[in-house]
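Structural features, examined
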Amino acid sequence: MELQHESNARTKSFYIVFLITGIVLVAFNLRPAITSVGPLVGMIQDDVGLAHWSAGLLMSFPLLVFAAMSPIVPKIANRITNERTLLVGLISLLIGIGIRSIPITFFLFTGTLFIGAGIAIGNVLLPAVVKDKFPEKFGLMTSVYSTSMGLVASLASGLSVPLATDLNLGWQGALLVWGTPVIIAILLWSYLLKFNQESHAGIKKPAVSSAEMWRSPLAWQIAIFMGFQSFLFYVTVSWLPEILQSHGLSMSTAGWMLSISQLVGLPASFFIPVIAGRFRSQVWIAFILGLLSIIGYAGLLFGSSYPILIISIIFIGLALGGNFPLALSYIGLRSKSAHRAAELSGMTQSTGYILAAIGPMLIGYLFDLTHLWTIPLVALTMISTIMTVFGMLSGQNRYV
């Protein structure tokens, strides 16, 4: 009896270790397939023949898929368990990475569709899984996986051009490289499916109805905050290299500057959820991060010297690095259970990513109209201000 108890305890410990590893591996794969595109967008445009607005649409398309998929994900997980749903998402992501590397417009967008569906599953499920499996360590676990996302996203941005040019992989090979961590994650989650424990059950039917969640003012405030911080993130990874090249930087240097902007955000990405979890109100955190964002984009608008560009990029990186995990933290902190967290995650990410999807395409269109980055940067400064307001509203001590 005692041996069986020890065996069960050991099995449970192995499961927890593999589960944490699996969560981190999923997080690894939720950004590179998107952030690796921005530095290469000029090469893709030249090879396939895309205007700035259509290149912006290519980078907005995954976000439209996020918006469509997000409300459906909790229902899928309820039917086939979290593990199987995440595995399906990873397989979809891998298929998409393969198809997108075919240099034909149809395949670019078809592959991006699969990529968006796969990432949407991970986006929605990770906050709910963490709330369910680690309710007492929600802030810490959110820090771990959001920092993992930021780290690999920054590497993808910085390595894209060297992979394409220095290693002669071209933009297709540079994008295909990011299928490797997806394969590793698929293998681990396939192994996790072998654990047949009660704790593996999917997200059960939410304790709050979908209709009730969609009528919640707080849920809408979190959704708008989620949307505008994502708007800024995806515009930045899509167009920051082009903006910096207009200031005289080389394509490779601009790619690494984008990478640096994400690397400097990693400390914020790790510490913000931990700090947020220690306070009942997060209003002041949202204000500070919002102020950094406003100053950062205004700096790109008015700064012509190299030091001002560097400072602006650091401020933008800190803001982007902190606002995303803060938005994820709100999903757990403003929910009383994993069921509500799942429903809130689906609702906020669905509406939020509609806002985010507008970003790269709108900014690309504004540039096409004026052939200057002035109006796009004014727009980003205004969006930062709106985001700050809704971040502060979402930070008040309330529950959906």
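Above this note sits the structure.
Residues numbered from 1 in each chain as written. Predicted model: local features only at pLDDT ≥ 70, side-chain atom pairs only at ≥ 80, totals over all residues. Heavy atoms only, no water.

With that out of the way, let us pick up the nonpolar core. Counting residues in each nonpolar core, the largest one holds 115 residues, and the members touching the most others are Ile23, Ile44, Tyr234, Leu244 and Leu326. When residues in this core are grouped by element, the largest group, 17 residues, is from helix α12 (residues 217–246). Those residues in contact with Ile44 that sit more than four places away from it in its chain are Val37, Gly49, Leu50, Leu108, Trp171 and Leu175. (Core = buried A, V, L, I, M, F, W, Y, C linked by side-chain atoms within 4.5 Å. Buried < 20%, exposed > 50% of the residue type's maximum accessible area, 1.4 Å probe, protein only. Helix = DSSP H or I, 4+ residues; strand = E, 2+ residues; numbered from the N terminus. Contact = heavy atoms within 4.5 Å.)

Here we take up the packing of aromatic side chains. Scanning the model with the defined rule gives 14 aromatic pairs in all. Centre to centre, the rings of Phe66 and Tyr353 are 4.7 Å apart; their planes meet at 70°, and the pair counts as edge-to-face. With Phe66 in helix α4 (residues 52–69) and Tyr353 in helix α17 (residues 338–370), the pair connects residues that are 287 residues apart, well separated along the chain. Judged on exposure class, the residue Phe66 and its partner Tyr353 are both buried. Chaining the aromatic ring pairs together yields one cluster made of Phe66, Phe233, Tyr234 and Tyr353. (Phe/Tyr/Trp six-rings, centres within 6.5 Å; stacked < 30°, edge-to-face > 60°.)

Below, the discussion takes up the side chain of Ser335. By the element assignment, Ser335 lies in the loop between α16 (306–333) and α17. With a relative accessible area of 2%, Ser335 lands in the buried category. Within the structure, the side chain of Ser335 is placed 2.5 Å from the backbone oxygen of Ile331, a separation counted as a polar contact. With sequence-adjacent residues up to four places away left out, Ser335 is seen in contact with Lys131, Tyr330, Arg340, Ala341, Leu344, Tyr399 and Val400. (Polar contact = N/O pair within 3.5 Å; in protein donor to acceptor, adjacent residues only side chain to side chain.)

Below, the discussion takes up the packing of α12 against helix α18 (residues 374–394). As a packed pair, α12 and α18 sit with axes 9 Å apart at the nearest point and diverge in direction by 150°. Between α12 and α18, the interaxial angle falls into the category roughly antiparallel. Both α12 and α18 take part in a crossing whose hand is left-handed. Residues Leu218, Gln221, Ile222, Ile224, Phe225, Phe228, Gln229, Phe231, Leu232, Val235 and Ile243 of α12 lie in contact with α18, whose contacting residues are Leu377, Leu380, Ile383, Ser384, Ile386, Met387, Phe390, Gly391, Leu393 and Ser394. Broken down by class, the residue content of the contact of α12 with α18 amounts to 16 nonpolar, 5 polar and no charged. (Axes fitted to C-alpha atoms, helices over the stretch in contact; angles between N-to-C directions. Parallel < 35°, antiparallel > 145°, perpendicular 65-115°, else oblique. Left-handed = near helix turned anticlockwise from the far one by under 90°. Nonpolar A, V, L, I, M, F, W, Y, C, P; charged D, E, K, R; others polar.)

Another point: the packing of α12 against α17. Orientation of α12 relative to α17, taken along the N-to-C sense of each, is 35°, at an axis distance of 7 Å. Every pair of crossing elements has a handedness; the one defined by α12 and α17 is right-handed. Partitioned by chemical class, the residues of the contact of α12 with α17 number 20 nonpolar, 9 polar and no charged.

Between its first and last C-alpha, α18 extends 30 Å over 21 residues, near the 30 Å set by a 1.5 Å rise per residue. Turning to α18, its buried residues are Pro376, Leu377, Leu380, Thr381, Ile383, Ser384, Met387, Thr388, Gly391 and Ser394. Within α18, the buried residues cover an arc of 165° as seen down the axis, which keeps them to one side. Against the buried residues of α18 lie α12, α15 (283–302), α16 and α17. (Expected span 1.5 Å × (residues − 1). Arc of directions from axis to C-beta.)

For α4, spanning 18 residues, the distance from its first C-alpha to its last is 26 Å, which sits close to the expected 26 Å at 1.5 Å a residue. Where burial is concerned, most of α4 is hidden: 13 out of the 18 residues are buried.

Glancing now at the environment of Gly359. Residue placement: Gly359 occurs in helix α17. Of the residues examined, Gly359 reaches a relative accessible area of 0% and is grouped as buried. Separated by 257 residues in the primary sequence, Gly359 and Ile102 have C-alpha atoms spaced 25 Å apart. Apart from the residues within four sequence positions on either side, Gly359 is in contact with Phe231 and Val235.

The residue Asn168 is not glycine, and still its phi comes out positive at about 55°. On the secondary structure map, Asn168 appears in the loop between α8 (138–166) and α9 (170–176). With a relative accessible area of 68%, Asn168 lands in the exposed category. A positive phi angle is found at His371, which is not glycine, with a value near 60°. Within the fold, His371 resides in the loop between α17 and α18. Relative accessible area serves as the criterion here: at 57%, His371 is assigned to the exposed category.

The grouping of Phe271, Ile275, Phe279, Trp284, Phe287, Ile288, Leu291 and Ile295 at the surface amounts to a nonpolar patch, some 730 Å² of accessible area in total. Elements that contribute at least two residues to the nonpolar patch include exactly α14 (266–277) and α15. If one sorts the elements of the nonpolar patch by residue count, α15 sits on top with 5 residues. By relative accessible area, Ile275 is classed as partly exposed at 30%. (Patch = residues over 30% accessible without salt bridge, like charges linked within 9 Å, V, L, I, M, F, W, Y side chains within 5 Å. Areas by Shrake-Rupley, 256 points an atom, 1.4 Å probe, with all protein chains shown as cover. Salt bridge = Lys/Arg side-chain N within 4 Å of Asp/Glu carboxyl O.)

Looking now at the environment of Leu93. With respect to the helices, strands and loops of the structure, Leu93 is situated in helix α6 (residues 82–100). The class for Leu93 is buried, based on a relative accessible area of 2%. Residues Leu93 and Ser384, spaced 291 residues apart in sequence, show a C-alpha to C-alpha distance of 30 Å. The residues touching Leu93, leaving out its near neighbours within four places in the chain, are Asn29, Ala33, Phe114, Ile115, Gly118, Ile119 and Val182.

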